[in-house]
Structure formats: structure tokens, C-alpha cells
Amino acid sequence: MKGDQLTTWSINEIFAEILRVWTTQLLTLRTLEHLYMFAVALFFSVLAGVLIGVLTYRNPRFADPIFNGLNIVETIPDVALLVLLLPVFGIGKGPTIVASILYSILPIARNTYTGLSNVPGQYLEIAEAMGLTRREILFEVRFPLSLPLIAGGIRIAVVFTMGVVTLGGLIAAGGLGAALQNGIQLYDMGTILVTGTWVGILAVFLDGAAGAIEHILQVRYGKWS
Amino acid sequence: MISRKLFERIKFLRLENVTKRYGENFAVRNLNLEIQGGEVLILIGKSGSGKTTALRMMNRLIEPDSGSISINGVDISKFDPILLRRNIGYVIQNIGLLPHLRVSGNIGLIPKLEGWKDERIREAVRDLLNFVSLPPQIFMDRYPHELSGGQQQRVGLARAMVMNPPLFLMDEPFGALDSLLRAQLQDEFYRIKRELGRTIVFVTHDINEAFRLGDRIAIIDNAEVVQVGTPQELIFSPATELVAEIVDSKRKYRHIDALKVKDLAQPLDKRYILDPCLSAASALDHMSAEGLEIALVFKSPGSAGRVGLSDVMKTASSGKSLEEALKPLPLFSPETSLLEALLRLKANGESMGLVLEDDKPEKVLFSDRILQNLV
């Protein structure tokens, strides 16, 4: 029976299976593609998110409409978003990266906005009284004190991006999602399990790294004594 | 932005008919006040009396609705507020050290924005830390949360001094400290005031602090100045009932014969007591660990002394014993009469004494607390 077979697999057989999947599915290449899309998407998400956060902080009357808009994007299921982008961006890496960015802007922008707007008043008072200009207060006081919160937003974005990039396999974006698709289409349980586990390990590792950075920033900038 | 000095020294700072309202309420109403160059002027009043509003108008954190504020005859509304503030030192109660910057970063923030060279900033930070009795090699690279309350307050003062301003505005700078530390910092403030000879406007609600530090005191109530004068003028010719109540002139000299040390002594926090057998180095460790700025040493029922943190540091680095750093402290029994205690404090030039019960140090007596209750 198949089940018995699974339990009696030796370590060697498991390694052989992993090796088979890794070579037939070109997982080294797929992983590089995956991380490339992830990095590009995250880079632009952070750039756009922080920019929108700063803009809404400086013009609070835009905050509500912008965050409502981003919230609507957030509620569209990710598969549907990929499909909606098809007419404009076609298939492949482009629309996958665009969808990732659209998803990840909200947590970063919202945390940036919240962080900048909620710096404790005593620090702002003393900065103003010392003779800092508005711009200097933004860069020397508000921004550094918001870094732990912004990092928290980026950490959420890391998880979102990982998910959407994997889904990109559906629209020929390549990456590990493509290997998963192959596995599903061929009903090759080994490919599904090995690739799925590998994506999971990557996601947990990246989230952990983001968490560690968040923790460091928390210790460095977050001690509001 | 490279700022220039707006004024080398303050000849006078004048508030004329200054009014500020919030809705129907006056925060400050027709306030007239002249602060002379080189003096410490205390603004005292209950909370909500308008004293902090008045202070914050002097560096344009708040703009008056009407009236004018001028320094050396020039209306301050003609100055760029940023430039004005960089020419005025500002210290507040909760200190507001920026938590993400080290001590050197906090003190050197404005110089950095002014484009000073790193070397010059470090030099200035080092000098200022020495001036406020914090050894730079120990404190320069610490973060604010690694400092005790008193140390933070000193860094706040150093930060206010970095641009060498001729005018300081201070809003209850010692308000959040415990009474022993407060007395120590007030002593140091007094020294700094004499050494610097700057003009200082100082807000407090503690009349005892006002008498101790102020050259003149302005009593503010209900958004208006009630009386301005030296401590003696306020005590001996209070303008209104309220002034009399604040300075407590009715009680002057009245109870001095009746009161004993135990009536005014305050409980002593045992953390402040050091074992006389300690070496200066281990005393330093203990004080650093507990965040103490000052400690008391009790040797025998006939002998006790006090040491400040900076003295212990000097003694420890020169390898001498703790004994060398001790300043003798007057000892009292709870039954000593207050008059005698006061005379002995004055003879020793001390502001505090130790009260023994059953030959153990249990309480402390502050001279200003006696004065506060008698005058």
C-alpha cells in the first residue's frame, strides 16, 4: 500500500526524491527567479509605502481617501487581482510584481503614517524649542522614532509579497510557483511536497529575518523612556 | 542653516501688555514684566495660572494675540523663530532627551545641523559634560534610558548650553526629581548660575525653590502678574492676600521655638546610605548601579558625612579611600530644637543634616524645608 510505502521510506530515499525534484524542476533557477521577484517587489513596495506614508502625514486630509482606496485593493482576493491586471500588464513577472506591490503598500504606508503622526509630544516640543525646522523635526525626530513601526509594516509586506510571488506561477511568472504548478498538473506529490516545503522554509526564514531587524530597531529606536 | 548670534548678552527682556486667549479664557492677560540681564527671574503660580504660556511666548513657541515681547529693545516677532530659538536655551521638566540619540548626539544635534565639524562637536560635548559633572568618557556614548533621572537632567542642561545662549528658559526643570536629588541639583544650579552669569527665566510652583534660586520672583495668578519682587519684598510687604498666602508670610518666625527637628525631618531612603568600610571604587559601583548622585555615609553616632557622585569618581580614580571625599554632615536628635538645628546648619554651611534615632540614621533635615515652614 502507498501509505505503508511512505512510512518505510528511508532517509536516503527522501534525499533521493528531493534531489530528483530539485534537478527536474530546476529549483535553483526557480529559487533565484523567486527571490528576484520578491526583492524587486519589496523594494518598490517600501519606496512607495514610505513615500505615501510621508505624503499623507504632511497632508492629513488625503489620508482617509488614500487609505480607503488601498483598503479596497487589499480586499480583492490575490488571484482576482492577478486576473484584473491581465488586460493591462499581460502575463509573466511584470503583473506579479505589480500585484505584490499593490498589496504591500498598505501596511507600510499605514504604519509610516501612524508612526510619524504619533511621536510623543514631549520630543516634538523640545525639538521645536531647540530651534529645529519642520523638515529637521521630520528627519531627525519623527522618522527615526517611527522606524520600529515602519519595520513592522515591512515585515507584514514580506509575508504578503512571498504569497503573491508564489501565486505568480499561475500566470507564467516563473519562480517556485511555476514548479508548484507543474507538480499540481502532473499530480506529482513529490514535487508538490518538496517545492511547497521549500517555499515555506524561505517564507519563515525571510519573516524571521524581518522580525530580527524589527527587534533591533525596537531596541535601538523604540525605548521611549 | 548657519545661524548667527542675535545678541551677545541680554540687557533686558520686556513683556508689554501681552495677552493670549484660548476661546473665552485668558491664558495670559495684559502681562507686563521686565527681566534684567544677568538675573534669575522666577515665574511662580498654580497650575493653569499662565506661567508656562508666558515662558513659551518668549521663544515664540506660542504667539501672543496682542502686546509685544522685546529683547534689548527689539521686538522678537521680527526675528526668525528658528534663529531666535537657537539663541535661547530651553529646559523642560520631563527633559525630553531624544531616546534614539546618544548623549553626544542629543547635545550635538543643533551643532550638527549648524554644520559644525565632528571634531568641534565632540570637543564641545566633552567640555559641557565636564561642566555638568558627568565624566565624558563614561557618559558620552550612553543612551538616555541608560541614565538616572538626575543624569538625564544634567544632559538636558548641557544640551541647552551648547549654542552658548545668553538667555535660558526653564520650565520646572527639577520638578520630577526626588527631594534629595532635587536639593543637590539646586545647589549645582546655583553654582552654574554664578559661573555663567546668564539671564534665566525659571518657572516653578514650589515657593521654596523660588526663594532658593531666584533673584526676583513674579507671582502669577489667573493669567495676570500679581506682584514682582525680591524674596524679602514678597515676605515683608505682600501686595495681596494671595501673595501672603503663597509666601506664607503670616507664619514667619512664629513657631520656631515650638518646633523640633522631628516635626520637619523627612524619612531617609536607605539606598542613599553607604557602608563606611567601602572603598571609593566600590562606592562608585554601588552609586552607579543605584543611579545615585549623592550618598550619605554613617560611621558612628558621632560622625557622618555626605559625598557627591563626582567627588567619589575623582577619589576613586586617584586611588584614595572614600574617607577623603566625605564632607562632614551635622547630626541631630529628633528632640533638637529647630532653631539650634538651623544655626548649626548655617555654621557648617550645609543645606542638610542627618537625624539619628537610637543612634541610627533614620531621617534627613533640609534647611530650606525649615525656612519654607517658618518664613
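Since the model is a prediction, treat every value here as computed from it, not as a measurement.

Visitor: What should I look at first to understand the packing of aromatic side chains in this one?
Guide: To describe a pair of aromatic rings, one takes the distance between the centres and the angle between the planes. For the structure on display, the rule yields 8 aromatic pairs over all chains. Pairing A:Phe43 with A:Phe44 gives two aromatic rings, centres 5.2 Å apart and planes at 85°, and the pair type is edge-to-face. With relative accessibility at 40%, the residue A:Phe44 sits in the partly exposed group. Centre to centre, the rings of B:Phe7 and B:Phe79 are 6.1 Å apart; their planes meet at 75°, and the pair counts as edge-to-face. Residue B:Phe7 is located in the segment before strand 1 (12–22), and its partner B:Phe79 is located in the loop between strand 5 (74–75) and helix 2 (81–86); the two are separated by 72 residues in the primary sequence. Like B:Phe79, B:Phe7 is buried. We note B:Arg29 situated over the ring of B:Phe26; from NZ or CZ to the ring centre the distance is 4.1 Å. Against the face of B:Trp116 rests B:Arg120, its NZ or CZ located 3.7 Å from the ring centre.

Visitor: Which parts of the structure should I look at to understand a nonpolar patch on the surface?
Guide: Residue and element names in this part refer to chain A. A contiguous nonpolar patch, built from Trp9, Ile11, Ile14, Phe15 and Ile18 and spanning about 480 Å² of accessible area, is present on the exposed surface. Checked against the element boundaries, Phe15 lands in helix 2 (residues 11–24). For Phe15, a relative accessible area of 54% gives the class exposed.

Visitor: Can you walk me through the sheet that holds strand 11 (residues 266–267) of chain B in this structure?
Guide: In sheet architecture, strand pairing relies on hydrogen bonds along the backbone and comes in two forms, parallel and antiparallel. All names here are of chain B. As summarised here, the arrangement of the 4 strands in space is 11-18-17-16, forming an open sheet in which the pairing is mixed. The open sheet has two free edges, formed respectively by strand 11 and strand 16 (331–332), since each of these has just one partner strand. Across 2 bridges, the pairing between strand 16 and strand 17 (residues 352–357) is parallel. Bridged to Leu331 within strand 17 is Leu354.

Visitor: Just checking my understanding: could you explain the interface of chain A and chain B for this structure?
Guide: Opposite the 20 residues of chain A that make contact, chain B presents 23 residues. Along the contact surface separating chain A from chain B lie 4 salt bridges. Between B:Arg56 and A:Glu125 there is a salt bridge, and its shortest N-O distance comes to 2.7 Å. Summed over the shared surface of chain A and chain B, the result is 6 residue pairs in polar contact (both at pLDDT 80 or more). Among the secondary structure elements, those contributing two or more residues to the side of chain A that touches chain B are helix 7 (121–130), helix 8 (134–167) and helix 10 (189–221) of chain A. In terms of residue count, helix 7 of chain A provides more of the side of chain A that touches chain B than any other element does, 7 residues in total. Its residues placed into classes, the side of chain A that touches chain B shows 10 nonpolar, 4 polar and 6 charged.

Visitor: Looking at this structure, how should I read the sheet that holds strand 3 (residues 40–44) of chain B?
Guide: All names here are of chain B. Spatially, 6 strands are ordered 6-7-8-3-9-10 in an open sheet, and the strand pairing comes out mixed. Either end of the sheet is taken by a strand with one partner, and the two such strands are strand 6 (88–92) and strand 10 (224–229). For this sheet the average axis-to-axis angle between neighbouring strands, irrespective of direction, equals 15°. By the bridge criterion, 5 bridges tie strand 9 (residues 216–221) to strand 10 in an arrangement that is antiparallel. The partner of Asp221 across the bridge, within strand 10, is Glu224.

Visitor: Please clarify how the confidence of the model for chain A should be interpreted in this entry.
Guide: Low-confidence regions, as indicated by low pLDDT, have predicted coordinates that should not be scrutinised in detail. Considering every residue of chain A, the mean pLDDT works out to 88; 95% of them sit at 70 or more. Taking the mean pLDDT of every element in chain A, the minimum, 52, falls on helix 1 (residues 2–8) of chain A and the maximum, 93, on helix 3 (residues 27–58) of chain A.

Reading guide: rules and limits
- Residues numbered from 1 in each chain as written.
- Chains lettered and ligands numbered in written order.
- Predicted model: local features only at pLDDT ≥ 70, side-chain atom pairs only at ≥ 80, totals over all residues.
- Heavy atoms only, no water.
- Phe/Tyr/Trp six-rings, centres within 6.5 Å; stacked < 30°, edge-to-face > 60°.
- Buried < 20%, exposed > 50% of the residue type's maximum accessible area, 1.4 Å probe, protein only.
- Helix = DSSP H or I, 4+ residues; strand = E, 2+ residues; numbered from the N terminus.
- Lys NZ or Arg CZ within 6 Å of the ring centre and 35° of its normal.
- Patch = residues over 30% accessible without salt bridge, like charges linked within 9 Å, V, L, I, M, F, W, Y side chains within 5 Å.
- Areas by Shrake-Rupley, 256 points an atom, 1.4 Å probe, with all protein chains shown as cover.
- Salt bridge = Lys/Arg side-chain N within 4 Å of Asp/Glu carboxyl O.
- Pairing = 2+ DSSP bridges.
- Contact = heavy atoms within 4.5 Å.
- Polar contact = N/O pair within 3.5 Å; in protein donor to acceptor, adjacent residues only side chain to side chain.
- Nonpolar A, V, L, I, M, F, W, Y, C, P; charged D, E, K, R; others polar.
- Axes fitted to C-alpha atoms, helices over the stretch in contact; angles between N-to-C directions.
- pLDDT = per-residue confidence, 0-100.

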